[in-house]
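Read off the chains here:
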Amino acid sequence: MKFQSRFLILAMVVLIASGPLFGQSKWGHISGDFGFNGMYYIPDSTIGAKEVKEKVRANTWLNLNYTNGGFTAGVRYEFYSYPLIDFEDIGYKGQGLTNYFLDYKNDFIQVTAGTFYEQFGNGFTLRAYEDRQLGIDNSLLGARIKVTPYKGITIKGVWGIERKNFDFEYTKRKDYVRGLDAELSFGDMLPKLSEKGFTLAVGGSFVSKFEKSEKDMFISYPDIPNMPDNILYADKIPQNIATWAARINFGYKGFRLESEFAHKNNDPNNTNGYIYKTGNSFLVTASYSMKGFGVEASFIRSDNMDFRSQRDISASTPLLGINYIPAVNRQYTYALLGNYTYASQPNGQIGVQAQVNYKIPKGTKLGGKYGIDITVNYARFHDVEQQMVPDALELNNMTGTDGYTSRFFKFGENLLYQDFGIDFSHRFNNKSWKLDLAYNFITYNLTILQGHASPLFRGHNVMGKVTYKINNKHALKLEIDHLYAKEDDGSWLYGLLEYSIAPHWFISVADQWNYGNEDKMHRTHYYNIAAAYVIKTTRISLNFGKTKEGILCIGGVCRSVPASYGVGLSVTTSF
């Protein structure tokens, strides 16, 4: 905290000194946002909602930013001393100043000192970002420089220490991250290319993490009978781990091709079983679109690419993740499919995704006045093939060896996730009614993706949604989902009724019913009643209901969510 206090004093001195010299006005501009997300917890044995010691819990934060011309300074205070239970489960508990920075930029250069977020390319080598819903904040505390020496040329350099929840002892840390990224956008450099419909950009990045290796590591296997302990000697553990990536983005009129390849040097760590195998990731996406029609296809492979600031961090937490493997499968907002969302597997996945969009034209007999939008998609992901190296076969243990070899385009034996979906959207001739219909068949590996002993989950999900616009302010929405399944908890039924009065009020009633559970005692209703009021930049919402134990996924990153029951209050505002 001493370091934070000194930084804030320095920031205030700089702001006061720079105020009269720079800016849009004499004193500049202050902006920010505030958030409060609280809940009163009620125990409920029927859903597994346990009694908690502090029944009232909340996540609270305040951001303050000061801008004066090209200068910006900001601080954030977070109060998570009694956080929501799902945040406490992942260790996101504490309070203090978690974000503070000074930034200056003009057309040529941007310099940041303090806390910052950054991403190189698709994130294969570096993605420092924040997602409040997932409890992720792997910001870097250090320095960043970004220069644009010529139109279309961007060069970035970063150095920093990753945030580790509410551990503020940065000066005691023995790990840090440094990186470079460069991109050439030929469309910006050569305007005539853009005029002819071409886009072309190439880029590359290099990121290295340093972590001291001072002690021998003793690795035990309590879950494997008769497996002897293993020792990794300190002088055999690499302290500098490098990654690099190259990417290209090409387009001509309606056609677009994007690709990136990344490589990581040997990085023995907790998530890969402390093996010395190198890692790589490859993503390629091709798409074509024209009026009323679009098609997109992606291929992704990721092998041994979990990359963290500290080698002993478990794979069960997103803590201290340096990079990011994007999800290429379609992301759904349907309530029941959310229980079986695919999470990217940085240490072993290979798969494809394809999607076709077609609009039945307006004014036709079938399309009506507004046409019909149709989307068909398919995704399939496997683990990567693994053939143990001779040393690992001899020891019957990959730890301390090169682990395994794998043919690059070979799909592994284990199916991780498969999804076939088709949906329709149609607005009727009077424009007051809109109908959405969707069907999905998914296959989901519960054992690998969620650690369950269950076999593959197979489910048929049907969704229907009707929206009725009563007038310019009032609207009513009804959604019904049905998930038919025999595995896991069986079949589910979901219903939502929402009434909105624009632009201020939203009221909804929803229920998930696990009617197909073989255990009749657990054929539970997960109901939720909610209301929200919005005025200018302030939103206040109140809800009462139950939440199912499961997973929460955003963009291919997931975390476990415990069962809960109670009353929630949320307030967010910006100024």
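Located above this text is the structure these notes cover.
Quantities reported herein were computed from a predicted structural model and do not represent experimental measurements. (Residues numbered from 1 in each chain as written. Predicted model: local features only at pLDDT ≥ 70, side-chain atom pairs only at ≥ 80, totals over all residues. Heavy atoms only, no water.)

## What to know about the overall build of the chain
Helix and strand counts for the chain stand at six helices and 34 strands. In summary, the chain has a C-alpha radius of gyration of 26 Å against a globular reference of 25 Å for 575 residues, a match within 12%. Judged by the C-alpha coordinates and their principal axes, the chain covers about 75 × 65 × 65 Å. Burial statistics for the chain: of 575 residues in total, 46% are counted as buried. Accessible surface computed for the chain: about 29,100 Å², of which carbon and sulfur atoms make up 60%. (Helix = DSSP H or I, 4+ residues; strand = E, 2+ residues; numbered from the N terminus. Rg over C-alpha atoms; globule rule 2.2 N^0.38 Å. Buried < 20%, exposed > 50% of the residue type's maximum accessible area, 1.4 Å probe, protein only. Areas by Shrake-Rupley, 256 points an atom, 1.4 Å probe, with all protein chains shown as cover.)

## Observations regarding the environment of Y92
In this structure, Y92 sits in the loop between helix 2 (85–88) and strand 4 (94–105). On a C-alpha basis, the gap between Y92 and F307 in space is 20 Å, while along the polypeptide they are 215 residues apart. When near neighbours in sequence (up to four residues on either side) are disregarded, Y92 contacts E78, Y80, P83, F87, G135, D137, R163, N165 and F166. Looking at Y92, its side chain comes within polar contact range of the side chain of E78, at 3.1 Å. (Contact = heavy atoms within 4.5 Å. Polar contact = N/O pair within 3.5 Å; in protein donor to acceptor, adjacent residues only side chain to side chain.)

## Here we look at the state of the cysteines
Per the counting criterion, the structure on display carries one disulfide. The disulfide bridge from C553 ends at C558, spanning 1.9 Å between sulfur atoms. Its torsion about the S-S bond being 110°, the disulfide of C553 and C558 is classed as right-handed. What makes C558 partly exposed here is its relative accessible area of 22%. (Disulfide = S-S within 2.5 Å.)

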